[in-house]
Amino acid sequence: MINNIQHSEKNNFSPLNYFIVGSSILLSKSLYYETYGDNLLLFPFLFVLFVFGMMRNVKIDLWLIIFFAAFLLLALLNQESNFSSVGLLALRSSLVILIISIIPFKIFSLIFLDIIKVICFFSLFGVLFYELSFKSFLPYLISIDGRVMDNFLLFAVDFLNSETVGFRNNGLWWEPGAFQLFINIAFLFQIITGVRNLKLVILFALTIFSTASTAGIVCFLALLFIYLKSQNHVSKNKLNIFYGSIVFIIFYIYFGNSVISKVITSSDESFSFVSRFTDFQISIALFLENPVIGYGYANQDFYNTPTAQRIIDSQILPVKPTGADGITMHVAQLGLLGLPFLLPLINPGFIKDFNLFDKLLISGVLLILFNTQNFNFILIFNLLMGYGFVQRRKRFKIT
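Please read these numbers as outputs of a predicted model, since none were measured by experiment.

**Details of the side chain of Q190**
- Relative to the elements of secondary structure, Q190 occurs in helix α9 (residues 176-193).
- Judged by its relative accessible area of 0%, Q190 falls in the buried class.
- Side-chain polar atoms of Q190 contact the backbone oxygen of N197, separated by 3.3 Å.
- Sequence-distant contacts of Q190, defined by excluding residues within four places in its chain, comprise L113, V195, N197, L200, V201, F204 and Y227.

**A look at the packing of aromatic side chains**
- On inspection of all chains with the given rule, the structure shows 34 aromatic pairs.
- Ring geometry for F67 versus F68: centroids 5.1 Å apart, planes at 80°, classification edge-to-face. As far as burial versus exposure is concerned, F67 and F68 are alike and both buried.
- Between the aromatic rings of F71 and F341, the centroid separation amounts to 5.1 Å while the plane-to-plane angle is 25°, which identifies the pairing as stacked. In this pair, F71 is assigned in helix α4 (residues 62-77) and F341 in the loop between α15 (326-334) and α16 (343-346), connecting sequence segments 270 residues apart.
- For F71, a relative accessible area of 1% puts it in the buried group.
- Since its relative accessible area comes to 11%, F341 is described here as buried.
- Pairwise contacts between aromatic rings join F105, F108, F112, W173, F179, F182, F189, F350 and Y387 into one cluster.
- Here the guanidinium or amino end of K135 rests over the ring plane of F159, the centre of that ring lying 3.9 Å away.

**Remarks on the pairing of strand β2 (residues 148-151)**
- Strand direction decides the pairing type here: strand β1 (residues 141-142) and β2, joined by 2 bridges, are antiparallel. Looking at β2, one finds that L141 is bridged to M149.
- Between β1 and β2, which follow one another and run antiparallel, lie 5 residues, and G146 among them has a positive phi close to 90°.
- With 2 bridges connecting them, β2 and strand β3 (residues 156-157) associate as antiparallel partners. Across the sheet, residue N151 finds its bridge partner in β3, namely A156.

**A few points about unusual backbone geometry**
- Residue A212 is not a glycine yet carries a positive backbone phi of 55°.
- Here A212 is to be found in the loop between α10 (198-211) and α11 (214-230).
- With phi around 60°, A298 is a residue other than glycine that occupies positive phi space.
- On the secondary structure map, A298 appears in the loop between α13 (271-289) and α14 (300-311).

**Concerning the side chain of R92**
- Among the secondary structure elements, R92 is positioned in helix α5 (residues 83-102).
- The buried charged residue R92 lacks any salt bridge partner; its closest oppositely charged side chain belongs to D38, at an N-O distance of 9.0 Å.
- Reaching out from R92, the side chain makes a polar contact with the side chain of Y297 at a distance of 3.1 Å.
- Aside from chain neighbours lying at most four places away, what touches R92 is L42, Y297, N376, F377, I378, L379 and N382.

**Here we look at the pattern of salt bridges**
- As enumerated under the stated definition, the model contains 5 salt bridges in all.
- Two residues, K29 and E34, come together in a salt bridge whose shortest N-O distance is 2.5 Å.
- Residue classification places E34 among the buried residues on the basis of a relative accessible area of 11%.
- R147 serves as the salt-bridge partner of D158, at 2.9 Å between the closest nitrogen and oxygen. With D158 in the loop between β3 and α8 (159-165) and R147 in the loop between β1 and β2, this pair connects stretches of sequence that are 11 residues apart.

**Focus on the environment of A186**
- Mapped onto the elements of the fold, A186 is located in helix α9.
- Overall, A186 belongs to the buried group, its relative accessible area being 0%.
- Once the C-alpha coordinates of A186 and L110 are considered, the two residues, 76 residues apart in sequence, prove to be 8.5 Å apart.
- With near-sequence residues (within four places) excluded, A186 lies in contact with F112, L113, I116 and F204.

**Points about the packing of α9 against α11**
- For the pair α9 and α11, interaxial distance at closest approach is 10 Å and the crossing angle is 5°. Classified by the angle between their axes, α9 and α11 sit roughly parallel to one another. Contacts between α9 and α11 involve Q180, N184, F187, L188, Q190 and I191 from the former and G216, C219, F220, L223, L224, I226 and Y227 from the latter.
- In the contact of α9 with α11, the residues fall into 9 nonpolar, 4 polar and no charged.

**Considering the environment of F370**
- Assignment of secondary structure puts F370 in the loop between α17 (356-369) and α18 (379-395).
- Since its relative accessible area comes to 0%, F370 is described here as buried.
- Sequence separation of F370 and I346 is 24 residues, and the distance between their C-alpha atoms is 9.1 Å.
- In contact with F370, not counting residues within four places along its chain, are L181, I185, G326, I327, L345, F375, N376, F381 and L384.

**So, the packing of helix α1 (residues 15-26) against helix α3 (residues 42-56)**
- The interhelical angle for the contact between α1 and α3, taken along N-to-C directions, is 150°, at an axis separation of 12 Å. Relative to α3, α1 is oriented roughly antiparallel. For the crossing formed where α1 meets α3, the hand is left-handed. Mapping the contact onto sequence places L16, N17, F19, I20, S23 and S24 in α1 and F45, V48, L49, F52 and R56 in α3.
- Each residue belonging to the contact of α1 with α3 can be placed in one class, and the counts come to 7 nonpolar, 3 polar and 1 charged.

Scoring rules and cut-offs
- Residues numbered from 1 in each chain as written.
- Predicted model: local features only at pLDDT ≥ 70, side-chain atom pairs only at ≥ 80, totals over all residues.
- Heavy atoms only, no water.
- Helix = DSSP H or I, 4+ residues; strand = E, 2+ residues; numbered from the N terminus.
- Buried < 20%, exposed > 50% of the residue type's maximum accessible area, 1.4 Å probe, protein only.
- Polar contact = N/O pair within 3.5 Å; in protein donor to acceptor, adjacent residues only side chain to side chain.
- Contact = heavy atoms within 4.5 Å.
- Phe/Tyr/Trp six-rings, centres within 6.5 Å; stacked < 30°, edge-to-face > 60°.
- Lys NZ or Arg CZ within 6 Å of the ring centre and 35° of its normal.
- Pairing = 2+ DSSP bridges.
- Lys, Arg positive; Asp, Glu negative; His and termini not counted.
- Salt bridge = Lys/Arg side-chain N within 4 Å of Asp/Glu carboxyl O.
- Axes fitted to C-alpha atoms, helices over the stretch in contact; angles between N-to-C directions.
- Parallel < 35°, antiparallel > 145°, perpendicular 65-115°, else oblique.
- Nonpolar A, V, L, I, M, F, W, Y, C, P; charged D, E, K, R; others polar.
- Left-handed = near helix turned anticlockwise from the far one by under 90°.

Right under this line is the structure:
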């Protein structure tokens, strides 16, 4: 695990760095991002980062530029790629290079942890506001699929959808499955940086459970195993564990049915399961058609529908492909040549100090997290890829 931050580095926890990390989180497809400009918001952020970089006289990592340039060239290699999306990939890559050059990984991870824990804490009030039918006076937040949500500044509540499926905590994102990604990443960062705070773990656990995301809960439990195994002071916190258990029981009573029903529901009644399995089938079929360079970066809108019709009888199982299988879709789009670019994401350099079993468990968690939603085209995907590459480069001392 990463050693504790030295006193001389504490000035890195500046408002400027909090702004950069906070913006990185919000620009990773949050509801603010979707409501107030979408991809257009990336351009002013790039300008701000460029100015900050000039002010700090930062040094750009040449190998990081080469890494993302190679990624872009691979995306351009296939003429079937969506070139507007490749342009956005170039924009996100530029943002990532500047962010990594300005903020070291351990500073980024600790600030990320601070911000997500605040969002988690306030998002839990969504349960109360939903039960009390308490509406916000702030302007609505609108997801990219047109759903209108009440804006409570640090979280949003989808009252309309909750009336039919029950309340699920989506935080500041379009759905709970997206929110759980950021919670689990924050918890992973807590483990990596060695932050010993059982109350924070309980906060993350309650928030994960309130999302009722099956994949999120499974990943969290795997990370929790690593966290508890690494702590030698757990016995001193029996009182906190006791109180946490009481709160868990309350949350189980409220959210348990949502989680259990998702697990035991048959596939033809569970849209989430069927949709993801359909996406997986489609990606495998497309990969086999062109295993070397794939079917084209971000070209799923053009290819998925006819492929889905060949695989699924729409009269029996009318499920439209949604691209919810991020990792397998990445491989299908870029082929075998795209696999090396996934290595820094799935086996990042910042987990190098863990034992083999824990590394495999963390890699499995990252694989599940990024293969349950279409996260390939958001900033956090490229950020983790970039930080993972830089840390691996340092591990092997590539200069």
